[in-house]
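One-letter residues, chain by chain:
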2 protein chains.
Amino acid sequence: MDQQQLFIKMALTAWEQSVTRTDKLFNELSDEQLAAEVAPGRNSGIYLLGHLTAVSDYLFTLFGIGERLYPQLEEVFLKNADKSGLPKPSVTELRAYWKAVNDKLSPALAAITEDSWFERHTAVTPEDFIKEPQRNKLNVLLNRTNHQEYHRGQIKFLS
Amino acid sequence: MDQQQLFIKMALTAWEQSVTRTDKLFNELSDEQLAAEVAPGRNSGIYLLGHLTAVSDYLFTLFGIGERLYPQLEEVFLKNADKSGLPKPSVTELRAYWKAVNDKLSPALAAITEDSWFERHTAVTPEDFIKEPQRNKLNVLLNRTNHQEYHRGQIKFLS
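It should be emphasised that the depicted structure is a prediction, and the values quoted were computed from it without experimental measurement. (Residues numbered from 1 in each chain as written. Chains lettered and ligands numbered in written order. Predicted model: local features only at pLDDT ≥ 70, side-chain atom pairs only at ≥ 80, totals over all residues. Heavy atoms only, no water.)

For the rest of this paragraph, the subject is the relation of the copies chain A and chain B. Of the transformation superimposing chain A on chain B, the axial component is 0.0 Å and the angular component is 180°, with the fit at an RMSD of 0.0 Å. Seen this way, the second copy is the image of the first under a two-fold rotation axis. Closest to the rotation axis within chain A is the C-alpha of Y150 of chain A, separated from it by 2.1 Å. By residue overlap, the copies meet face to face through one surface: 100% of the interface positions of chain A are interface positions in chain B. (Least-squares fit on C-alpha atoms with pLDDT ≥ 70 in both. Contact = heavy atoms within 4.5 Å.)

Once that is clear, we can look at empty space enclosed by the protein. Within the structure shown, the criterion is met by 2 cavities of 30 Å³ or more. Of the voids in this model, the largest cavity is the one considered here, and its volume is about 60 Å³. Taken together, A14, L142, T145 and N146 of chain A together with A14, L142, T145 and N146 of chain B form the lining of the largest cavity. Only α8 (137-155) of chain A together with α8 (137-155) of chain B provide two or more residues apiece to the lining of the largest cavity. Split by residue class, the lining of the largest cavity holds 4 nonpolar, 4 polar and no charged. Estimated volume of the second largest cavity: approximately 30 Å³. (1 Å grid on protein atoms, 1.4 Å probe; cavity = no way out; pocket = protein on both sides within 12 Å on 5 of 7 lines; lining within 4 Å. Points joined across faces, edges and corners; volume = space filled by probe spheres on them. Helix = DSSP H or I, 4+ residues; strand = E, 2+ residues; numbered from the N terminus. Nonpolar A, V, L, I, M, F, W, Y, C, P; charged D, E, K, R; others polar.)

Okay, here's the thing in structure tokens:
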């Protein structure tokens, strides 16, 4: 295994480990627990479930590896806060969305070629990418792993 | 910049970004805010300040890049939980420790050579490293970044 393969493996392993831990946590929580705020006055577990699902779903677009499964989540869980008053899918639906996104995403990430991981993601222009070559897909994956862990630390308070 | 340099830069940038954000958060919180539990019945801000300081301090040992500054933190903030009853340093002392560790760690990380990042860390035996070459220093840095973000998401509730 050369070093390029090794870093891709490291970054993918860190992502999948975070998904596994987050999934385990969601599965341990009842619907009632998820309906509560993770701390007084903060986001509900349901909102964070929808938020993390929407962020992961958006990776299909950002990496150019397929269509998002649930584009309707963007308005409620990315562009707006928990108390927006916008109607949310049920927790049963959101659990199914979370599972479907990860079931599709995991093999799609594994299928990205070595060279493609170091190419720009779709939110960077070719001009900017020449100046900032670290703005590649693998860097997005590192940042998304950190983002998911940030919220997992919060969701943990529901257990 | 070759891909090896690029990946090291990505991992170091993610770490430093997490340190900067965590530091900003600690600085925004008063001593009284830090004394509170981040959520009912959970760790206090003071414990998490000590915990993150101890974890970062331990990187000197793990990477073989120097002596820890505050080995005494291990017992209170790594081996024991918040409610252990063990005496803790004052919040003023802990803030100073957090700053001193990061002030020393940041240039020490920047000075690690490219090849050294892909070498085993001191908690892996040479035999295990042959079988699991991803257990290198850079992988530890990725995991520590995730760990810090996990707790930053919790500390955020004090603000």
